[in-house]
Amino acid sequence: MAGHATVLEDGSLLSRLDHHLLRLERLMALISGFAVFGLMVLAVVSVSGRNALNAPLPGYVDWIEQAMPLIAFLGISYVQRDGGHIRMDIAISRLKGRALWFFELISVLLILLLMLALVWGSWSHFDRSFDFGAPLWSRDSSIDIGIPIWPSKLLAPVAFSVLCARLILQAWGYGRAFVLGLATPVAVPLIQDAAAQAAAEAEQFERRT
């Protein structure tokens, strides 16, 4: 299971690329958060309309389906950058130095291969839905109020492509750490143990007060 992580920065090209990509990841995560808030507002409007006017929001389920990719995919790269995804590290957490960076590199490369396949598959899925010659550029639409589905289908390959960029940077970081024998590489999540996490939280609390 993933613990608390920190990502170090310096003036290297890798660190600068990490920082630039982080800006995009934060923006995508913010959009995902607004999508969650928007669904809450839609739920309030729909339930209020049903109870007060016996008229729920038309196409409520359609809008939920459209918003699901926003919630599920746009924040995935941001979480990967901070090492927040669930992972089994019973064995890897016991490794140090080059051995740790080697296994982290292998795991990131395997994830990258999977995500590249998902980018290809999700783009093909989007391409089957999008058509410049069709009304609203869509070959298919939602069942209730006929919302074009291709925008939500496009979000998957876009978000997965950003995640692939993040994985490439992390593979670069782990590979650099393995070759050079670095103790604290940049642009990769360094998982902290319980004691280090408590110390970091205490320092952050002191800065706020």
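Asker: If you had to explain the packing of helix α2 (residues 60-73) against helix α5 (residues 150-180) to someone new, which residues and values would you point to?
Answerer: Each pair of packed helices can be summarised by the angle the axes make with each other and by the distance between the axes. Direction vectors running N to C along α2 and α5 enclose 10°, while the axes themselves pass 8 Å from each other. Taken together, the axes of α2 and α5 are roughly parallel relative to one another. When the axes of α2 and α5 are compared, the crossing they make is right-handed. In this structure, α2 contributes Gln66, Pro69, Leu70 and Phe73 to the contact, and α5 contributes Ser152, Leu155, Ala156, Ala159 and Phe160. Here the residues of the contact of α2 with α5 are counted per class, giving seven nonpolar, two polar and no charged.

Asker: Can you explain the nonpolar core? Please cite residues and give values.
Answerer: One finds Trp101, Val108, Met115, Phe160, Cys164, Leu167 and Tyr174 to be the most contacted residues of the largest nonpolar core, which totals 18 residues. Of all the secondary-structure elements, those providing two or more residues to this core are α4 (97-129) and α5. One finds Leu21, Leu74, Leu155 and Val186 within the second-largest nonpolar core, a separate group that totals ten residues.

Asker: For the side chain of Ser129, give the residues involved together with the corresponding values.
Answerer: You can see Ser129 is positioned in helix α4. Taking relative accessible area as the criterion, Ser129 reaches 0% and is therefore assigned buried. Here the side chain of Ser129 touches Asp140 through a polar contact of 2.5 Å, side chain to side chain.

Asker: Residues and numbers for α4, please.
Answerer: For α4, which comprises 33 residues, the first-to-last C-alpha distance of 48 Å matches the rise-based estimate of 48 Å (1.5 Å per residue) to within 8%. Along α4, the residues that are buried comprise Leu100, Trp101, Glu104, Leu105, Val108, Leu112, Met115, Val119, Ser122, Phe126 and Ser129. At its buried positions, α4 is contacted by α5 and β2 (189-191).

Asker: Can you explain the packing of helix α1 (residues 13-53) against α5? Please cite residues and give values.
Answerer: The geometry of α1 relative to α5 is characterised by a closest axis approach of 11 Å and an angle of 155° between their N-to-C directions. By the angle class used here, α1 and α5 are roughly antiparallel. Judged by the sense of rotation from one axis to the other, the crossing of α1 with α5 is left-handed. On α5, the residues that touch Leu13, Leu14, Leu17, Asp18, Leu21, Leu22, Leu24, Glu25 and Met28 of α1 are Ala159, Val162, Ala165, Arg166, Leu169, Trp172 and Gly173. Class assignment for the residues of the contact of α1 with α5 results in twelve nonpolar, one polar and three charged.

Reading the values: rules and limits
Residues numbered from 1 in each chain as written. Predicted model: local features only at pLDDT ≥ 70, side-chain atom pairs only at ≥ 80, totals over all residues. Heavy atoms only, no water. Axes fitted to C-alpha atoms, helices over the stretch in contact; angles between N-to-C directions. Helix = DSSP H or I, 4+ residues; strand = E, 2+ residues; numbered from the N terminus. Parallel < 35°, antiparallel > 145°, perpendicular 65-115°, else oblique. Left-handed = near helix turned anticlockwise from the far one by under 90°. Contact = heavy atoms within 4.5 Å. Nonpolar A, V, L, I, M, F, W, Y, C, P; charged D, E, K, R; others polar. Core = buried A, V, L, I, M, F, W, Y, C linked by side-chain atoms within 4.5 Å. Buried < 20%, exposed > 50% of the residue type's maximum accessible area, 1.4 Å probe, protein only. Polar contact = N/O pair within 3.5 Å; in protein donor to acceptor, adjacent residues only side chain to side chain. Expected span 1.5 Å × (residues − 1).

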